[in-house]
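Residues per chain, in single letters:
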Amino acid sequence: QVQLAESGGGLVQAGGSLRLSCAASGRTFSSSRMGWFRQAPGKEREFVASITRNGEHTEYADSVKGRFTISRDNAKNTVYLQMNSLKPEDTAVYCCAAELRFGVPAHQQQGYKYWGQGTQVTVSS
């Protein structure tokens, strides 16, 4: 059974940092593009970042460019999201997604086959 388990969320003050992890089990995702999405209360889920299978190419939402960094360790079957200079508007449940279907843009959540349950990130002002 394939599972994606996020961790690393929590409460942090504005300007602080958090590092999220997404550990995959049940199969390897070393050949899969992976992504992070987030959903704030009362809002739709939105794209945050994605990374190609070898980590050479990354994409970011404009709202997090320059502050967030996505990376992966295929040996550990894990993808990370380093979040710096956090703002209250970054407060959301952050979910990782795996196995983007071929030809689908990375920012489209409908293109991903597997999803984690999410981890809560709360940024206080």
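Heads up: these notes are all about the structure in this document. Residue numbering note: each chain is counted from 1, following its sequence as written. Local features are withheld for residues below a pLDDT of 70 in this predicted model, meaning they are given only at 70 or higher, and side-chain atom pairs are given and counted only at 80 or more; totals for whole chains, interfaces and linings count all residues. To get the side-chain values, all heavy atoms of the structure are used, and hydrogens and water are removed first.

### Observations concerning the overall build of the chain
And then number 1: To qualify as a helix, a DSSP run of H or I must reach at least 4 residues; to qualify as a strand, a run of E must reach at least 2; elements of each kind are numbered from the N terminus. A count of helices and strands for the chain gives zero helices and 11 strands.
And then number 2: The order of helices and strands in the chain, counted from the N terminus, is β-β-β-β-β-β-β-β-β-β-β.
And then number 3: The quantity called the radius of gyration is restricted to C-alpha atoms. Its globule counterpart is 2.2 Å times the number of residues to the power 0.38. For 125 residues, the compact-globule estimate of 2.2 N^0.38 gives 14 Å, and the chain sits close to it at 13 Å.
And then number 4: Counting only C-alpha atoms, the chain reaches 40 × 25 × 25 Å along its principal axes.
And then number 5: Whether a residue is buried, partly exposed or exposed follows from its accessible area with a 1.4 Å probe, protein chains only, as a fraction of its type maximum: under 20%, in between, or over 50%, in that order. Looking at the 125 residues of the chain, the share that counts as buried comes to 44%.
And then number 6: Whether two residues are in contact is decided by their heavy atoms, any of which lying within 4.5 Å being enough. Restricting to contacts in the chain with at least 6 residues of sequence separation, those with at least 24 account for 58%.
And then number 7: One finds the centroid of the 14 positive side-chain charges in the chain at a distance of 4 Å from the centroid of its 10 negative side-chain charges. Positive charges come from Lys and Arg alone, negative charges from Asp and Glu alone, with His and the N- and C-terminal ends not counted. By convention, the point assigned to a charge is CZ for Arg, NZ for Lys, CD for Glu and CG for Asp.

### Some remarks on the state of the cysteines
And then number 1: Here, a disulfide means two cysteine sulfur atoms that sit within 2.5 Å of each other. Under the defined criterion, the tally for this structure stands at one disulfide.
And then number 2: What pairs with Cys 22 in a disulfide is Cys 96, and their sulfur atoms sit 1.9 Å apart. Around the S-S axis, the bridge from Cys 22 to Cys 96 shows a dihedral of about 50° and counts as right-handed. With Cys 22 in strand 3 (residues 18–25) and Cys 96 in strand 9 (residues 92–100), the pair connects residues that are 74 residues apart, well separated along the chain.
And then number 3: On the basis of relative accessibility, which here comes to 0%, the residue Cys 96 falls in the buried class.

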